[in-house]
Amino acid sequence: MAVSTGNARVLGTEHKKRVAIGSAVGTTVENYDFIGYGTAAALYFGDAFFPDSDPTTALLLSFGTLGIGFAARPLGGIIGGYLGDKIGRRPVLIASLLIMGVSTVLIGALPTYETVGILAPILLVTVRVVQGLAFGAEWGGAILMTYEHAPWRSKGAYTAIPQAGFPLGLLLANLAFLASASLPGNWAWRVPFLLSSILIGAGMYIRLKVEESPDFEDAKHSGQLVKNPLVQVVRQDWRNLVRAFGLRIAETAGYAVSISFVTSYVHDNDLAERPQTILAIVVAALIGFPATLLWGRLTDRIGRKPVYAFGTTLMLLFGIPMFLMLNTGRFGLIIAVFVIAFVLCQNSLAGAQGAWFAELFSTATRSSGASLAYQLAAVVSGFTAFWAVALHEAYGWMGPAVLFMVYGAIGLAATVLTPETHGTARRAEVERVAAASTAVPAL
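Residues numbered from 1 in each chain as written. Predicted model: local features only at pLDDT ≥ 70, side-chain atom pairs only at ≥ 80, totals over all residues. Heavy atoms only, no water.

Asker: What's the story with the side chain of His422 in this structure? I'm lost.
Answerer: With respect to the helices and strands, His422 occurs in the loop between helix H19 (398-417) and helix H20 (424-439). Taking relative accessible area as the criterion, His422 reaches 2% and is therefore assigned buried. (Helix = DSSP H or I, 4+ residues; strand = E, 2+ residues; numbered from the N terminus. Buried < 20%, exposed > 50% of the residue type's maximum accessible area, 1.4 Å probe, protein only.)

Asker: For this particular structure, what's the right way to read the nonpolar core?
Answerer: In summary, soluble globular proteins display a tendency toward joint burial of nonpolar side chains. Judged by nonpolar contacts, the single largest core of 91 residues is most densely connected at Phe45, Phe49 and Leu326. For this core, the element with the most residues is helix H16 (residues 331-359), which contributes 14 residues. In this structure Phe45 touches Tyr37, Ala40, Phe50, Ser62, Ile107, Leu124, Trp189 and Phe193, once residues within four positions along its chain are discounted. (Core = buried A, V, L, I, M, F, W, Y, C linked by side-chain atoms within 4.5 Å. Contact = heavy atoms within 4.5 Å.)

Asker: I keep staring at unusual backbone geometry and nothing clicks. Help me out?
Answerer: A negative phi angle is the norm for most residues apart from glycine, just as the trans form is the norm for most peptide bonds. Non-glycine residue Asp270 carries a positive phi angle of around 55°. For Asp270, the position within the fold is in the loop between helix H13 (238-268) and helix H14 (274-302). Assessed through its relative accessible area of 70%, Asp270 is described here as exposed.

Asker: I'm lost on helix H9 (residues 165-180) in this one. Help?
Answerer: Within an α-helix, residues lying three or four positions from one another point in the same direction, as the helix has 3.6 residues per turn. In this model, H9 (16 residues) spans 22 Å end to end at C-alpha, consistent with the 22 Å of a helix rising 1.5 Å per residue. When H9 is considered as a whole, its buried residues turn out to be Gly165, Phe166, Pro167, Gly169, Leu170, Leu171, Ala173, Asn174, Ala176, Phe177 and Ser180. Buried residues belonging to H9 abut helix H2 (16-43), helix H8 (155-163), helix H10 (187-207), H13, H14 and H16. (Expected span 1.5 Å × (residues − 1).)

Asker: In this structure, what is going on with the pattern of salt bridges? I would like to understand it.
Answerer: Opposite charge on two side chains permits pairing when their charged atoms draw close. Scanning all chains against the criterion turns up five salt bridges. With its nearest N and O atoms 3.0 Å apart, the salt bridge here joins Glu431 to Arg153. Linking Glu431 in helix H20 with Arg153 in the loop between helix H7 (119-149) and H8, this pair joins segments that are 278 residues apart in sequence. You can call Glu431 partly exposed: its relative accessible area is 40%. Residues Glu251 and Arg248 are paired through a salt bridge, measuring 2.3 Å at the closest nitrogen-oxygen approach. With Glu251 and Arg248 both in helix H13 and three residues apart, this pair spans about one turn of that helix. For the pair Glu251 and Arg248, a shared accessibility class is recorded, and that class is buried. Within the structure, one salt-bridge network assembled from shared partners comprises Asp300, Arg304 and Glu359. (Salt bridge = Lys/Arg side-chain N within 4 Å of Asp/Glu carboxyl O.)

Any link to function would need more than the numbers given here.
What follows is the structure in structure tokens.
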């Protein structure tokens, strides 16, 4: 982040709050859509789309369709990242939200296996792939737009705002599933997907008012845009791609074990009823929304690296206690598991990711680099719930517990190997320049 000659770049643009909120609304809508699928896969899709299979196989197939969406995300990230570096962040944001929303509403209208037979899971997989492509293109644009509009001293806090769209989307999706749980038949899972149409309209309205990134505009007008940002970032910055990939795995794959798999685990083992499980997730998401914002602010004060080290270390320590607490069947401890796994583990990593990932790459390749690393890790996380089910069948609860710890170890190793981009010296420089910019009005 080079020293700027203008106050707007140091103190952020005049539209910085609108951009952050607009990005957050979009990420909330998209996470509502995408997370809703995970909840439906854990609780409903086995019966609706794979009824001829035994319960374990149906769950595996259901989580397999969850993974297919994640597998499509790197391609979406590549396309969205490339276009974000070539034509701008804003068009990618608008297109990804529209495609994501349409595909999600279509899921709510799909025929089941009982109605059209094998065509039902084929249609589900097709729509899921489209959903994954759109989600893959979403994250980089939302985060980078916010980062590049934000003031120097608060980039962690500002990028945590769209990151908080994850717990907010999780909250809204599970509230919708909680409210629809008593509806008859397939309406219990159809209604939440159909309701997303309301959120799509709100998200599109706000995103159409979001201004383009000033960093991208500067690079465009000065002729600094590169011919092929994807090739350049792979050739010249592959080390940061690998580091960010490892950092991201801990967050997203850890979530897949501690939330997606655990949701089905407590239900299938009669540890909690469906409404209780959803309520536990709702409690965690309610706390997770402000927690993500606070984690982002903390990275501005102490750096990105210490926050990440805390979250990944806790993952290493919590894997076995997590399942010991779940196995008691006590609802209070089950809620505690979701809160610890989500608020302390996942949210701390998510709160630090936005600024840290953006700072690892230059403006010309930032969208391609951050999006590619972020979404490649999604492939691993997408099939993690599937692997957790298989490990549970082979080794009992110890299998997924160790898997959760392995992801924590990968994240901690990546944390150690990734350079701090907002350390003591950098924070002092930011404060000095920001103070000077505040004291001297821009010409």
